[in-house]
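Chains, contacts and geometry: an overview
What follows is each chain in one-letter form.
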Amino acid sequence: MVVCVSYAGSLSTSHGLSDDDQSRRTNLADWQGVGDMVAIITGEVSAPVEGMHRAIVERWMGFAGPRVDPMRRLADEVTASIYRTVRLGGSVAASTTFMASEVASDRVSLPPVWETAKGRYVQSIFNGVWGDKLEADESPLRIELGLCSQSGFIVSANQTSLSQAFPNPTGRLVVMIHGFGETERCWHSNNSRTLLKGLEADGFTVLGLRYNTGRTVTDNGSDLADLLEAVRAAWPVPVDELALIGHSMGGLVARSAVVDGRSAGHRWVDLATHLVAIGTPHLGSPIEKGIHLMSQGLGLLNETRPLATFLESRSAGIKDLRHGADHQLENVQYHIVAGAVTTEPTHPFGVLVGDLVVRVSSAIGRGRRRQVPSSSVLVLGGRNHADLLHDPEVVSHVRGWLSPSL
């Protein structure tokens, strides 16, 4: 069983509340988060449209010279009025949702919003794109870092709660860290031979992480390091071994956690024997690099500059994917998995697109200017970015790396 563990308020755990009261509070926050989502969509989308509208009108009226200044001022006023009304409508809808949910929660049990598969997906995408802003605003829509299960079951990082959640704990822990815009559900599948199931069969207690992928890799890594130290100290039995497995951005967060934990003197780092990075953009993601170049190009013209501003408003987490990993790991075996959509990974097209998200050179950390040291590397052809999560060959190799006797 994979169980959630919270730390320092993660996932809004409240002590002293009954299960019903905690569920009611959580569901209320969900609905208030919906109001924030409406406001964000209205504001973020209307701003570039208004900017382009104004720039286009200004361009055409500029050809006519000063004699159309009265018409230009009228057009500006009408444009401002239209988009002000749109944003006001979004704010009213958000406020109405917020107040209505507050009133309704006192009378009926509100259904959860983010506990369905679609709900989790929407929330994770929003956090990926604007998660740093959601955190700064303390929005109910934000995801707070915590170790959790597919069902969202939360356990405080103290010995009593952990003992109740893990009646048969082992001293071998593995933390599975999802990628950008995902949740811990990415490790689950109808296939009974998933990596998660295999590691459980090997005697590991599996902990799945959910986190806000719109925050910086460094911030998430620091919080994960603190959380793992709290879990280690409170674990019901002595921890003999701790491994981390990260998919895509998750690999960067895992690396950051190890470096930050070592710097902070955390004892769990000495137990971290293995770190596995699956499809991780060690040298950066070509998609984010392309978005960066696109925003620079769009900023050259007045008519497209609002789109550039919109692209530049993407989260700090997305921007981190342009740079990849600069952390140097010590005293941990680092294993890398990379994929290419072509059967032969060295095929020119496979080299160009990699697994459609990360190029092979970036995934294995082999560039002209930067090299990422590793203990072992597995490169598979005929796989895309998502395939790597449940590929039988990946499962077999990872289990072998973490349990050499297999």
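Residues numbered from 1 in each chain as written. Predicted model: local features only at pLDDT ≥ 70, side-chain atom pairs only at ≥ 80, totals over all residues. Heavy atoms only, no water.

Along its length, the protein carries 13 helices and seven strands. For the protein, the exposed surface amounts to about 19000 Å²; the carbon and sulfur share of it is 57%. (Helix = DSSP H or I, 4+ residues; strand = E, 2+ residues; numbered from the N terminus. Areas by Shrake-Rupley, 256 points an atom, 1.4 Å probe, with all protein chains shown as cover.)

What follows covers the confidence of the model for the protein. Summing up the model confidence of the protein, the mean pLDDT is 84 and the portion of residues at 70 or higher is 85%. Across residues 1–18, confidence stays below pLDDT 50; counting only partners more than four residues off in sequence or on other chains, it has 64 contacts. (pLDDT = per-residue confidence, 0-100. Contact = heavy atoms within 4.5 Å.)

Further remarks concern unusual backbone geometry. With a phi angle near 55°, Glu138 is a residue other than glycine that sits in the positive phi range. Secondary-structure assignment places Glu138 in the loop between α3 (117–136) and β1 (146–147). Judged by its relative accessible area of 60%, Glu138 is exposed. A positive phi is found at Ser248, a non-glycine position, where the angle reads about 55°. Along the polypeptide, Ser248 turns up in the loop between β4 (241–247) and α7 (249–264). (Buried < 20%, exposed > 50% of the residue type's maximum accessible area, 1.4 Å probe, protein only.)

What follows covers the nonpolar core. By size, the foremost hydrophobic cluster in this structure holds 47 residues, and its most contacted members are Leu147, Ile177, Leu209, Leu224, Leu228, Leu244 and Trp268. Not counting residues up to four positions away in its chain, the partners in contact with Leu209 are Leu145, Gly146, Leu147, Cys148, Val175, Met176, Ile177, His178, Glu184, Leu224 and Leu227. Core analysis: the next-biggest nonpolar cluster, separate from the first, contains 23 residues, Val174, Cys186, Phe204 and Ile245 among them. (Core = buried A, V, L, I, M, F, W, Y, C linked by side-chain atoms within 4.5 Å.)

Right, let's get into the side chain of His335. Along the polypeptide, His335 turns up in strand β6 (residues 333–340). When its relative accessible area of 2% is taken as the criterion, His335 is described as buried. Polar contacts involving the side chain of His335 include one to the side chain of Ser376, which spans 2.5 Å. In this view, His335 contacts His274, Leu275, Val276, Ala277, Ser375, Ser376 and Trp401; residues no more than four positions away in its chain are not counted. (Polar contact = N/O pair within 3.5 Å; in protein donor to acceptor, adjacent residues only side chain to side chain.)

The next point concerns the packing of helix α8 (residues 286–298) against helix α9 (residues 305–312). Two numbers describe how α8 lies on α9: the axes approach to 7 Å, and their chain directions differ by 150°. Relative to α9, the element α8 is oriented roughly antiparallel. Considering how the two elements wind past one another, α8 and α9 form a crossing that is left-handed. Residues Ile291, His292, Met294, Ser295, Gln296 and Leu298 of α8 touch α9, and the partners they reach there are Arg305, Leu307, Ala308, Leu311 and Glu312. Of the residues belonging to the contact of α8 with α9, the class tally is six nonpolar, three polar and two charged. (Axes fitted to C-alpha atoms, helices over the stretch in contact; angles between N-to-C directions. Parallel < 35°, antiparallel > 145°, perpendicular 65-115°, else oblique. Left-handed = near helix turned anticlockwise from the far one by under 90°. Nonpolar A, V, L, I, M, F, W, Y, C, P; charged D, E, K, R; others polar.)

Turning our attention to the pattern of salt bridges. If you walk through the whole model with that rule in mind, you get 15 salt bridges. Where Arg314 meets Glu312, a salt bridge forms, and the shortest distance between an N and an O atom there is 3.4 Å. Arg314 sits in the buried class, given a relative accessible area of 7%. Glu312 is paired through a salt bridge with Lys319; the nearest N and O atoms lie 3.8 Å apart. Given a relative accessible area of 25%, Lys319 falls into the partly exposed group. Linked through salt bridges whose partners overlap, the residues forming this network are Glu288, Glu312, Arg314, Lys319 and Arg322. (Salt bridge = Lys/Arg side-chain N within 4 Å of Asp/Glu carboxyl O.)

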